[in-house]
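# Results of the structural survey
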Amino acid sequence: MMRQGLGLFQRRGFLSAGAAMLAMPALAQPRAGTFPSRPIRIFAAWAPGPNVYTRVLADLIAPRLGQPIVIESRAGANGTLAARAVKSEAADGHTLAQMPGSVFRLPFMTPRPPYDPVADFTYIICLTGYTFGVVVRADSPYRTWADFVAAARQKPGSISYGSPGIGTESHVVMDQIASTEKLEWLHAPYRGGSELTSALLGGTIDAVATASHWSQLVLDGKLRLLNVWTPERIRRYPEAPTLRELGYDIVATSPYGLAGPKGMDPGTVKQLHDAFKEALYRPESLAYLEGLDQPVIYMDSETYTGFVQRQVRKEKEIVRQMNLRLD
């Protein structure tokens, strides 16, 4: 039943902008001068696959707002292209962006930051967070995390893992673990989940550290999950220990939500917040998140803004300590 439901949302979610416009007669028509007065665009931070949940929310919200919600992928630059794109849009609420954790870290990794993560955006709502873990092929000699660490210690610089890019949560946590263990492994950055999976299954890399796009392959027995980065073990993978169980004081869920350009009208922000919050807690939404092993990490606009301010200070210090740089 769950897999059939997910398929339905995926088919519905991948409507083109043109198809969404054709759906307008079925939606409530806004009064003149009210928000929204035209379709709302959401710039998604990753490739189409990981953006499906945003499309699920769009399907749920469109009837309430009376306008189609059009998802536009802005994959690249370690998940920051969506933020960069929305920064220059009109602050009228008709263009939003998905804001992953890398948005708060990347500006400090370059001598010419493309945006200010605090000052350049209006934070609307935090929704959920990714479930991270490290996977290897099912036929890998590394049956446990201890096996993987031992191999990296025996062969410095030769055991490789892939991540979605330099400075992403996956890269930072794996570097923190390497520092704790006093070992060196080879980091191989890729553009996204499909490339990572292909490289792992093809034997190009030894492991992948990333969010749970690996979940179905683990359940199908094609990949082995060595650890998870959640506070507690995940129900569907009871054999996979958390990083805390393995001796690392690390929990990484990378909360993400939605933001618009700076200077948005508070009334528009509240309208968007209320619509997304209602959709977040709908049974269809919760079921989809459960299928992704992602928790609800709800924050209202004020709380989310405060979280971002604290997180930016934290990320700046992490970049300094780890000397993270983008060439």
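Whatever comes next refers back to the structure up there.
How each quantity is defined
- Residues numbered from 1 in each chain as written.
- Predicted model: local features only at pLDDT ≥ 70, side-chain atom pairs only at ≥ 80, totals over all residues.
- Heavy atoms only, no water.
- Pairing = 2+ DSSP bridges.
- Helix = DSSP H or I, 4+ residues; strand = E, 2+ residues; numbered from the N terminus.
- Axes fitted to C-alpha atoms, helices over the stretch in contact; angles between N-to-C directions.
- Contact = heavy atoms within 4.5 Å.
- Salt bridge = Lys/Arg side-chain N within 4 Å of Asp/Glu carboxyl O.
- Buried < 20%, exposed > 50% of the residue type's maximum accessible area, 1.4 Å probe, protein only.
- Core = buried A, V, L, I, M, F, W, Y, C linked by side-chain atoms within 4.5 Å.

Take the sheet that holds strand E4 (residues 121–129) next. Taken in spatial order, the 6 strands line up as E2-E1-E3-E10-E4-E11 in an open sheet, and their pairing is mixed. Bordering the open sheet on either side are strand E2 (69–73) and strand E11 (296–299), each of which pairs with just one other strand. Between one strand axis and the next, the sheet turns through 25° on average, direction left out of account. Sheet topology places strand E1 (residues 40–44) next to E2; 5 bridges connect them, and they run parallel. By the bridge assignment for E2, Phe43 is matched with Glu72. Sheet strands in contact with helix H9 (residues 266–280) are E1, strand E3 (95–99), E4, strand E10 (255–261) and E11, and its direction is about 5° off that of E4. Contacts between helix H11 (residues 301–322) and the sheet are confined to E3, E4, E10 and E11, with E4 contributing the most and set at about 90° to the helix.

Close approach of charged atoms allows side chains with opposite charge to pair. Taken as a whole and assessed by the stated rule, the structure comprises 16 salt bridges. Put simply, Asp92 and Arg38 hold a salt bridge, and the shortest N to O gap is 2.7 Å. Of this pair, Asp92 sits in the loop between helix H4 (81–87) and E3 while Arg38 sits in the loop between helix H2 (17–22) and E1; the two residues are 54 residues apart in sequence, bridging distant segments of the chain. Take Asp92: its relative accessible area is 26%, and that puts it in the partly exposed class. The exposure class assigned to Arg38 is partly exposed, which follows from its relative accessible area of 39%. Each member of the salt-bridge network shares a partner with another, and the members are Arg41, Glu72, Arg74 and Glu89.

As a further point, take the nonpolar core. Grouped together as the largest cluster of nonpolar side chains are 85 residues, with contacts concentrated most on Trp145, Met174 and Trp185. At 9 residues, helix H3 (residues 52–65) tops the list of elements feeding residues into this core. Leaving out residues up to four positions away in the same chain, Trp185 has contacts with Trp145, Phe148, Ala152, Ile159, Tyr161, Met174, Ile177 and Ala178. Among the nonpolar cores identified, the runner-up in size contains 16 residues, and Leu196, Val218, Leu223 and Val228 belong to it.

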